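# Coordinate analysis (summary)
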Amino acid sequence: MNAPAPVSPGSPADTLRSALAGLLDGLPPRQAAQAVERLIATYRGATPTAAPILRDRADVAAYAAYRMPATFEAVRSALTAFADAVPGWTPGDHLDIGGGTGAAVWAASATWDGKRPVTVLDWAEPALALGRELAAAHPALADTRWQRSRIGTALTLEPADLVTVSYVLNELTDADRAALVDAAAGAARAVVIVEPGTPDGYARVIEARDRLIRAGFRVAAPCPHSAACPIVPGTDWCHFSARVSRSSLHRQVKGGSLAYEDEKFSYVAATRLPVSPAPARVVRKPQIRKGQVLLDLCETDPALRRTTVTKRHGDLYRAARDTDWGDAWPPPADDGGRQEVPFGSVGHRPGPSSGASTA
């Protein structure tokens, strides 16, 4: 397989797509699909692994082509929500823990312009090697440090403005997960953790959220507060969705003909910086009906509630029709503030127990 050739500067998303396009050159399609199927089964297993899951270049190339676009879009969504809550702040440096081929550092580059010192830690050398090759296609990431490191109780970290941990906690034991989150909290000004949008992934995110709050962090997103999550444990889970273009490898492994799929993810973004979280967050897909939009919201109280916005609310109704799952509510006004929700004119009722988990 050939290393990806540098491409002309463009958006990080376009540059990554171009770099991944030639990644499987020389690898038979069926072999790539078999590698992905095996790796998916391993990642979905309930037992933490005792060795790197990505064993060689063929594994890494196949899985990067299959999973990097989805990881990139999920992390970019989380980082965008975080950036909205800390307007005007840009990380001076970025540490990605368990970053593999570096999807999260591409996502950070898509969120904040400019070049900054970036370090990726992972214990799979083939993943780091391929990540380095891919990053050569993007000038802002060309000098990224790719460092082999065991992610566990012995982990020590240098100070960093931003620490990301994406799709890693599920690979670790309870003790290693706690050690990783504590190490991140001790090193970072901001920590963003992303996990699969499953009940188990959400549980790991909530565990990490609690540890970060105890360490003195404030939640920036998705929650509009740093109080306890209003979801009763075991009854529901909070997750969001990011749209991902499907490659030919996606279609070969999963079947079907759609040009896209939706990546479901759970996340928490927390910081020691001054923070302005959203007044409320849309926690399920909005229901658009004739003349009205139903929004299930996590609110500052903290509580889950359903809000009904109707045509008589004018601009607010039009904004509600354009509002998506995971967005802040109400949306910013044209002057940079928040649109005012008329008191008593938008219906509320307690959100359903499944309000945060509709796929």
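Look a little higher up for the structure.
All values derive from a computational prediction rather than experimental measurement. (Residues numbered from 1 in each chain as written. Predicted model: local features only at pLDDT ≥ 70, side-chain atom pairs only at ≥ 80, totals over all residues. Heavy atoms only, no water.)

## Examining helix α7 (residues 199-214)
This is how the line gets drawn: Secondary structure counts use DSSP, requiring at least four H or I residues in a row for a helix and at least two E residues in a row for a strand, with both numbered from the N terminus. An expected span of 1.5 Å times one less than the residue number is assigned to each helix. Contacts are assigned to residue pairs with any non-hydrogen atoms lying within 4.5 Å of each other.
With 16 residues, α7 ought to run about 22 Å at 1.5 Å a step, and its terminal C-alpha atoms sit 23 Å apart, in line with that. In the core, the buried residues of α7 are packed alongside α6 (174-187), β5 (188-196), β6 (218-221) and β8 (260-271). Just beyond α7, the residue with positive phi is Gly216, at close to 100 degrees.

## Quick word on the pairing of β5
For the record, the criterion: Burial status follows relative accessibility: with a 1.4 Å probe on protein chains alone, a residue under 20% of its type maximum counts as buried, one over 50% as exposed, and anything between as partly exposed. Strand pairing is defined by DSSP finding a minimum of two bridges between the two strands. Handedness rule for crossovers: strands pointing away from the viewer, path from the first strand over the helix to the second running clockwise, crossover right-handed.
Summarising burial for β5: seven of the nine residues are buried, a large majority. Relative to β5, strand β4 (residues 160-166) runs parallel, the two sharing six bridges. Bridge assignment links Thr164 to a residue of β5, and that residue is Val192. In terms of handedness, the path from β4 via α6 over to β5 forms a crossover that is right-handed. Two elements, β5 and β8, share seven bridges in a ladder whose sense is antiparallel. Considered in β8, the bridge of Val191 is made with Ala270.

## Focus on unusual backbone geometry
Omega for the peptide link from Ala221 to Pro222 comes to 0 degrees, which places this bond in the cis form. Mapped onto the secondary structure, Pro222 falls in the loop between β6 and β7 (240-245). Geometrically, the link from Trp329 to Pro330 is a cis peptide bond, its omega value of -5 degrees lying close to zero. By secondary structure assignment, the location of Pro330 is in the loop between β13 (328-329) and β14 (347-350). For Tyr167, which is not a glycine, the phi torsion comes out positive at approximately 55 degrees. In this fold, Tyr167 is placed in the loop between β4 and α6.

## A look at the packing of aromatic side chains
The cut-off we apply is this: Paired rings are identified among Phe, Tyr and Trp, the last through its six-membered ring, by centres lying within 6.5 Å, and are further divided according to the angle between planes into stacked (under 30 degrees), edge-to-face (over 60) and tilted (the rest). Here, a charge over a ring means that NZ of Lys or CZ of Arg falls within 6 Å of the ring centre while also lying within 35 degrees of the ring normal.
Counted by the stated rule, this structure contains six aromatic pairs. Taken together, a centroid distance of 6.3 Å and an interplanar angle of 75 degrees make the contact between Phe82 and Trp112 edge-to-face. You can see Phe82 sitting in helix α3 (residues 57-85) and its partner Trp112 sitting in the loop between α4 (103-111) and β2 (118-122), a full 30 residues away along the chain. Seen from their ring centres, Trp89 and Trp112 are 6.2 Å apart, and the 85 degrees between their planes marks the pair as edge-to-face. Residue Trp89 is found in the loop between α3 and β1 (94-97), and its partner Trp112 is found in the loop between α4 and β2; the two are separated by 23 residues along the sequence. Take Trp89 and Trp112: they sit in the same class, and that class is buried. These aromatic residues form a ring-pair network of at least three members: Phe82, Trp89 and Trp112. Over the ring of Tyr167 we find Arg67, and its NZ or CZ is 5.1 Å from the ring centre.

## What to know about the environment of Ala124
Structurally, Ala124 can be placed in the loop between β2 and α5 (125-135). Judged by relative accessible area, Ala124 falls into the buried class, the value being 4%. Sequence-wise, Ala124 and Gly99 are 25 residues apart; in three dimensions their C-alpha atoms are separated by 9.7 Å.

## Some thoughts on the packing of helix α1 (residues 12-21) against α3
Stated precisely, the cut-off is as follows: For helices, the fitted line uses only the C-alpha atoms of the stretch in contact; every axis is such a line through C-alpha atoms, and the angle between N-to-C directions lies from 0 to 180 degrees. Each angle gets one of four labels, with under 35 degrees taken as roughly parallel, over 145 as roughly antiparallel, 65 to 115 as roughly perpendicular, and the rest as oblique. The classification used treats Ala, Val, Leu, Ile, Met, Phe, Trp, Tyr, Cys and Pro as nonpolar, Asp, Glu, Lys and Arg as charged, and all other residues, Gly among them, as polar.
Direction vectors running N to C along α1 and α3 enclose 170 degrees, while the axes themselves pass 10 Å from each other. Taken together, α1 and α3 sit at an angle that is classed as roughly antiparallel. On α3, the residues touching Ala13, Leu16 and Leu20 of α1 are Ala64, Ala65, Met68, Pro69, Phe72 and Arg76. Classifying every residue of the contact of α1 with α3 gives eight nonpolar, no polar and one charged.

## Considerations on the pairing of β8
For β8, a buried count of nine out of twelve residues is recorded, marking the element as mostly surrounded by other parts of the structure. In terms of strand pairing, β6 meets β8 through three bridges, oriented antiparallel. The partner of Val219 across the bridge, within β8, is Ala270.

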